[in-house]
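Observations on the model geometry
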Amino acid sequence: MRSLSGQSRTRSSRLGLSRLAAWRASLPRTGLPRTPLSRLGLSRLAAWRTPLARLGPAGIRLLGPDPRGVGQSLGALCVLAVTSVVAGVVLGRSHERLADVPGLLLLVPAAIALRGNIFGALGSRLGTAIHTGTFRLSLRSSTVVGQNVRASMALTLVLSLVLAILASVVASATGIEGAISVADYLVISVVGGTLASVFVLLVALGMATGSVRWGLDPDNVTAPMVTAAGDVLTLPALIVASHLVRRDVVTPVIAGMVVAATAISLVAAVRSKAPELRTILRESMPVLALAGFLSLLAGVMLENRFDVFAARPVLLVLVPGYLATAGALGGILANRLSSKLHLGLIGPSLVPQREARADVGVTVGLALPVFAIVALVSQGAGSLVDLAGPGAGRLVGVVLVGGVMAVAVVVAVAYYGTIAAVRFGVDPDTVGIPTVTAVLDLVGALTLVFAIEVLGAG
């Protein structure tokens, strides 16, 4: 593996450390919190040269985007576009099952997003650990990775249960006719979600380890790859779990078991002596609960337009890829901004600094080609499985019109959400991706429905 020369390491370290020193010197004047910064790893910057040398060009790319970094992001986003269509085809082919289980479509965006939120944030934290030299692949409870894995699985159970309860409340409040019961939601959300989460966790750990081994920047590839895994695995798991609902004895028993398992997991995590585990839980739960609620509102919009999507199932094929692309673009931007904040390369200013503006430009540049690929692949996949649609030209128009509006929100939410996290004294790695994904699920559903109506694609 190619490594940096001693001169490059010294120059890079001086650049980052000088900016960090200037930023930290300004903290008493701006009132920004000092304690969370040390917790986020800034006190360990003496070890910065080591990960830069190990990562080679990946470490230097944090100073600004370069063609290789853009290529990594574009490649990962293209993989996301293609793999999300697998979930879309499952969704399109399951329109009859969705009609048989009223209220299930309401849960789909939120359940998919929850996987991306939890494990995208996990990938972001592991990426920061790689950049700051604290990453070691070990599941022991005393290690960074071990505590993150335990926290992620506990959050999976707890937030899947919360999501099920919220889904039942939202379904009742919005008047979804014949919606399934709270026990049914519990079984689908927790059983299906946990099944998918085990595999998404393996993908997140694999991406972190692979980034170290192959010299990739984890900020460029983790968010889209974890999102892709969440899309592909969550939806089939939910459909499988939906066959356990509306059974007189089986459903209540399973619902009781998942509630008990969730309670045990939460108590064990809260009583744990692992400090990072408790911090992740404390900072994540409110954000993830709010994110789940916003994603459910996106599901309400899709459920209320179910007749349009059922008449043209290719639009259902499009939904996972469209929402996932918007969220992954925001996730890449949030990851890069978070790492630069940790390393002192940018400060939490109201107006984006030069390095932040460069990342914003790359995000905007990636958006249009990737959205176009999502549309074309969705049309092709729909044609292969004989699903009706509005036609390739109109579908591309829908995606580009909606995507342009969505990416404007992506940039604003990713940047100011990350900055706000620092100003409120929480880890931007923990709250950045959930905030972006939650807002983008809702905005994505709004822009997609708006574009469908404007272009007459329904």
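Residues numbered from 1 in each chain as written. Predicted model: local features only at pLDDT ≥ 70, side-chain atom pairs only at ≥ 80, totals over all residues. Heavy atoms only, no water.

So, on to unusual backbone geometry. At Arg-246, a residue that is not glycine, the phi angle is positive and equals roughly 60°. Tracing the sequence through the fold places Arg-246 in the loop between helix 10 (218–242) and helix 11 (250–270). The class of Arg-246 is partly exposed, set by a relative accessible area of 47%. Residue Asp-386 is not a glycine yet carries a positive backbone phi of 60°. Locating Asp-386 in the fold gives a position in the loop between helix 15 (354–384) and helix 16 (392–423). (Helix = DSSP H or I, 4+ residues; strand = E, 2+ residues; numbered from the N terminus. Buried < 20%, exposed > 50% of the residue type's maximum accessible area, 1.4 Å probe, protein only.)

Next up on the list: helix 14 (residues 314–343). Over its 30 residues, helix 14 runs 44 Å from end to end, which matches the ideal 44 Å to within 8%, given 1.5 Å per residue. The buried fraction of helix 14 amounts to 30 of the 30 residues, a majority that puts the element mostly inside the structure. Taken from the residues just after helix 14, Gly-344 is the one with a positive phi, measuring 80°. (Expected span 1.5 Å × (residues − 1).)

Here the structure, examined in full by the defined rule, presents 3 salt bridges. For the salt bridge of Asp-359 with Arg-336, the shortest nitrogen-to-oxygen distance reads 2.9 Å. In this pair, Asp-359 is assigned in helix 15 and Arg-336 in helix 14, connecting sequence segments 23 residues apart. One exposure class covers both Asp-359 and Arg-336, and it is buried. Between Glu-355 and Arg-354 there is a salt bridge, and its shortest N-O distance comes to 3.6 Å. Here the salt bridges do not stand alone but share partners, grouping Arg-336, Lys-340 and Asp-359 into one network. (Salt bridge = Lys/Arg side-chain N within 4 Å of Asp/Glu carboxyl O.)

Moving on: the confidence of the model for the protein chain. For the protein chain, the mean per-residue pLDDT works out to 76, and 78% of the residues sit at or above 70. A low-confidence stretch, residues 1–64 stays under pLDDT 50, and its non-local contacts, those more than four residues away or across chains, total 122 contacts. (pLDDT = per-residue confidence, 0-100. Contact = heavy atoms within 4.5 Å.)

The next point concerns helix 11. In this model, helix 11 (21 residues) spans 30 Å end to end at C-alpha, consistent with the 30 Å of a helix rising 1.5 Å per residue. Those residues of helix 11 not exposed but buried are Thr-251, Ile-254, Ala-255, Val-258, Thr-262, Ser-265 and Ala-269. Projected down its long axis, helix 11 shows its buried positions confined to an angular sector of 100°, all on one face. The outward face of helix 11, more than 90 degrees from its buried face, is lined by the exposed residues Met-257 and Ile-264. (Arc of directions from axis to C-beta.)

For the pair helix 14 and helix 15, interaxial distance at closest approach is 9 Å and the crossing angle is 160°. As far as their axial angle goes, helix 15 and helix 14 are roughly antiparallel. The handedness of the crossing between helix 14 and helix 15 is right-handed. When grouped by side-chain class, the residues that make up the contact of helix 14 with helix 15 number 16 nonpolar, 6 polar and 4 charged. (Axes fitted to C-alpha atoms, helices over the stretch in contact; angles between N-to-C directions. Parallel < 35°, antiparallel > 145°, perpendicular 65-115°, else oblique. Left-handed = near helix turned anticlockwise from the far one by under 90°. Nonpolar A, V, L, I, M, F, W, Y, C, P; charged D, E, K, R; others polar.)

Let us look at the environment of Ala-451. For Ala-451, the position within the fold is in helix 17 (residues 428–454). Residues in contact with Ala-451, not counting those within four places in the same chain, are Val-398, Val-401 and Gly-402.

Any two aromatic rings considered together are summarised by their centre-to-centre distance and by the angle between their planes. Taken as a whole and judged by the stated rule, the model has 2 aromatic pairs. Taking 5.5 Å as the distance between ring centres and 45° as the angle between the ring planes, the aromatic pair formed by Tyr-322 and Phe-371 counts as tilted. Here Tyr-322 is found in helix 14, whereas its partner Phe-371 is found in helix 15, with 49 residues between them in sequence. Per residue, the accessibility class of Tyr-322 equals that of Phe-371, and both read buried. Measuring from centroid to centroid gives 4.9 Å for Tyr-415 and Tyr-416, while their planes differ by 90°, and the two rings are edge-to-face. A relative accessible area of 3% places Tyr-415 in the buried class. Residue classification places Tyr-416 among the partly exposed residues on the basis of a relative accessible area of 40%. (Phe/Tyr/Trp six-rings, centres within 6.5 Å; stacked < 30°, edge-to-face > 60°.)

Taken together, the side chains of Val-401, Met-405, Phe-450, Val-454 and Leu-455 make up a nonpolar region of the molecular surface, amounting to roughly 390 Å² of accessible area. Residue assignment for the nonpolar patch shows that the elements contributing at least two residues are helix 16 and helix 17. Considering the arrangement of structural elements, one finds Leu-455 in the segment after helix 17. Its relative accessible area of 30% is what places Leu-455 among the partly exposed residues. (Patch = residues over 30% accessible without salt bridge, like charges linked within 9 Å, V, L, I, M, F, W, Y side chains within 5 Å. Areas by Shrake-Rupley, 256 points an atom, 1.4 Å probe, with all protein chains shown as cover.)

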